[in-house]
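Now for the letters of each chain:
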Amino acid sequence: MGASISVNQETFATEVIEKSHQKPVLVDFFAQWCGPCQMLKPLLEKLAQEYDFVLAKVDIDQSPDLAQTYGVGGVPDVKVAIDGTLTDGFIGMLPEPKLREFLAQLQITSLLDTALESIYADAAIGNVEQAEARLTTLLEQHPDNRGLTLEAANFYIEADRLDKAENLLATIQEYDKEHYPHAKTLRAIVQFKQIALQPEGGTDLDRAFRQAANLVLDENYAAALEQFLTIVTSDQQFRDDGARKAMLAIFDLLGDDHPLTKDYRKQLVMALY
């Protein structure tokens, strides 16, 4: 895990240049009066808790000599110190996904990603309880990290712990434009897994319904849509309009512009009306 510190003319050499021999240091030259600076600051502080770098914050009004020495014109100006050398990073506000891309380009690792890889590795060799315990700890340490929430939900989906996945996905609301689309996709997968895991038996329509759900999980969307459409045509009220709802869920998975969505949306309308 990284750290976030404030530095000035007196501490810059020790806290930035010297420490950069141990791990990368991102130097955030900012000003209190700068709106984009105040937007960028919490994002960098958040990422410093996840990635292996030090965030060094420099108020240019308190340390004008540093700003002049390193050629800071506009703010925010983020520079990168590695192995004692300070180089240009970027100027201006960047959204979180772009900041993550920037860190990836610098080959600065996400400790969360590393931990998740280890958790999945444990699960793959059968240490599921240990993996789940470590995942629970991560979620407790990062309760507001929606990317981690989605990864955890995916873990539980793969483990057929659908109740836990649903509870996690319920915390991501529609106003979260960055994470909600992925959460909606995972909710659809949960829905189809719930159908596929139902006990064998029942009517021909029950068996066709489960088969169609398994086709979705196998990503055979065309066959799944055709089967659900057949059920809609046969009995619209089957399982509380379940086949139509299942088709809508597949449309969500594929997206509005997918050819299958366009084709089967028309067919569904014709079948209903």
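Model, not experiment: these values are computed from the prediction.

Another point: the layout of surface pockets. When its volume is computed, the largest pocket comes out at roughly 380 Å³. In terms of lining residues, the largest pocket is bounded by 20 residues, among which Arg-100, Asn-145, Gly-147, Leu-148 and His-179 are the most central. Elements with a contribution of two residues or more to the lining of the largest pocket: helix H4 (96–105), helix H5 (111–124) and helix H7 (146–158). A per-element tally of the lining of the largest pocket places H7 first, with five residues. For the lining of the largest pocket, the residue count by class is five nonpolar, five polar and 10 charged.

Across all of its chains, the model carries seven aromatic pairs by this definition. Judged by centre distance (5.1 Å) and plane angle (85 degrees), the ring pair of Phe-90 and Phe-102 falls under edge-to-face. With Phe-90 in strand S5 (residues 85–91) and Phe-102 in helix H4, this pair connects stretches of sequence that are 12 residues apart. Residue Phe-90 is classed as buried on the basis of its relative accessible area, which comes to 11%. Ring centres of Tyr-120 and Phe-155 lie 5.8 Å apart, and the angle between their planes is 65 degrees; on these two criteria the pair is classed as edge-to-face. Residue Tyr-120 is found in helix H5, and its partner Phe-155 is found in helix H7; the two are separated by 35 residues along the sequence. By way of ring pairs, the aromatic residues Phe-192, Phe-209, Phe-228 and Phe-238 are connected into one cluster.

In this section: helix H11 (residues 221–234). Compared with the 20 Å implied by 1.5 Å per residue over 14 residues, the 20 Å span of H11 between its first and last C-alpha is a close match. By the burial criterion, the buried members of H11 are Tyr-221, Ala-224, Leu-225, Gln-227, Phe-228, Leu-229, Ile-231 and Val-232. Residues of H11 that are buried make contact with helix H9 (180–196), helix H10 (204–217), helix H12 (242–254) and helix H13 (259–272).

Let us now look at the packing of helix H6 (residues 128–141) against H7. It is the contact of H6 with H7, at a shortest axis distance of 11 Å, that shows an interaxial angle of 160 degrees. Here H6 lies roughly antiparallel to H7, going by the angle between them. H6 and H7 meet at a crossing whose hand is left-handed. Between H6, through Ala-131, Glu-132, Leu-135, Thr-136, Leu-138 and Leu-139, and H7, the contact on the second element is made entirely by Leu-148, Thr-149, Ala-152, Phe-155 and Tyr-156. Grouping the constituent residues of the contact of H6 with H7 by class yields eight nonpolar, two polar and one charged.

Below, the discussion takes up the nonpolar core. Phe-192, Phe-228, Met-247 and Ile-250 are the most contacted members of the largest nonpolar core, which has 27 residues in total. With residues up to four places along the chain from it excluded, the contact list for Phe-192 reads Ala-213, Val-216, Leu-217, Phe-228, Ala-246, Ala-249, Ile-250 and Leu-253. Ile-119, Leu-139, Leu-150 and Leu-162 belong to the second largest nonpolar core, which has 23 residues in total.

The strands making up a sheet are joined through hydrogen bonds of the backbone, oriented either antiparallel or parallel. Reading across the sheet, the five strands line up as S1-S3-S2-S4-S5 and stay open at both edges, with mixed pairing between neighbours. Of all the strands in the sheet, the pair left with one neighbour each is strand S1 (3–6) and S5. Between one strand axis and the next, the sheet turns through 25 degrees on average, direction left out of account. Direction of pairing for strand S2 (residues 25–30) relative to strand S3 (residues 54–59): parallel, over a ladder of six bridges.

This paragraph deals with the side chain of Glu-96. Mapping Glu-96 onto the fold places it in helix H4. Side chain to side chain, Glu-96 and Arg-100 meet in a polar contact 2.9 Å long. If we skip the residues at most four places from it in the chain, Glu-96 touches Leu-43, Lys-46 and Leu-47.

Here Thr-261 lies in helix H13. When residues no more than four places from it in sequence are discounted, the contact partners of Thr-261 are Phe-251, Leu-254, Gly-255 and Asp-256.

Moving on, we come to the packing of H5 against H7. Relative orientation and spacing of two packed helices are given, respectively, by the angle between their axes and the distance between those axes. As a packed pair, H5 and H7 sit with axes 12 Å apart at the nearest point and diverge in direction by 5 degrees. When the axis of H5 is compared with that of H7, the two are roughly parallel. Facing Leu-112, Leu-116, Ile-119, Tyr-120 and Ala-123 of H5, the residues of H7 in contact are Leu-148, Glu-151, Asn-154, Phe-155 and Glu-158. Of the residues belonging to the contact of H5 with H7, the class tally is seven nonpolar, one polar and two charged.

Scoring rules and cut-offs
Residues numbered from 1 in each chain as written. Predicted model: local features only at pLDDT ≥ 70, side-chain atom pairs only at ≥ 80, totals over all residues. Heavy atoms only, no water. 1 Å grid on protein atoms, 1.4 Å probe; cavity = no way out; pocket = protein on both sides within 12 Å on 5 of 7 lines; lining within 4 Å. Points joined across faces, edges and corners; volume = space filled by probe spheres on them. Helix = DSSP H or I, 4+ residues; strand = E, 2+ residues; numbered from the N terminus. Nonpolar A, V, L, I, M, F, W, Y, C, P; charged D, E, K, R; others polar. Phe/Tyr/Trp six-rings, centres within 6.5 Å; stacked < 30°, edge-to-face > 60°. Buried < 20%, exposed > 50% of the residue type's maximum accessible area, 1.4 Å probe, protein only. Expected span 1.5 Å × (residues − 1). Contact = heavy atoms within 4.5 Å. Axes fitted to C-alpha atoms, helices over the stretch in contact; angles between N-to-C directions. Parallel < 35°, antiparallel > 145°, perpendicular 65-115°, else oblique. Left-handed = near helix turned anticlockwise from the far one by under 90°. Core = buried A, V, L, I, M, F, W, Y, C linked by side-chain atoms within 4.5 Å. Pairing = 2+ DSSP bridges. Polar contact = N/O pair within 3.5 Å; in protein donor to acceptor, adjacent residues only side chain to side chain.

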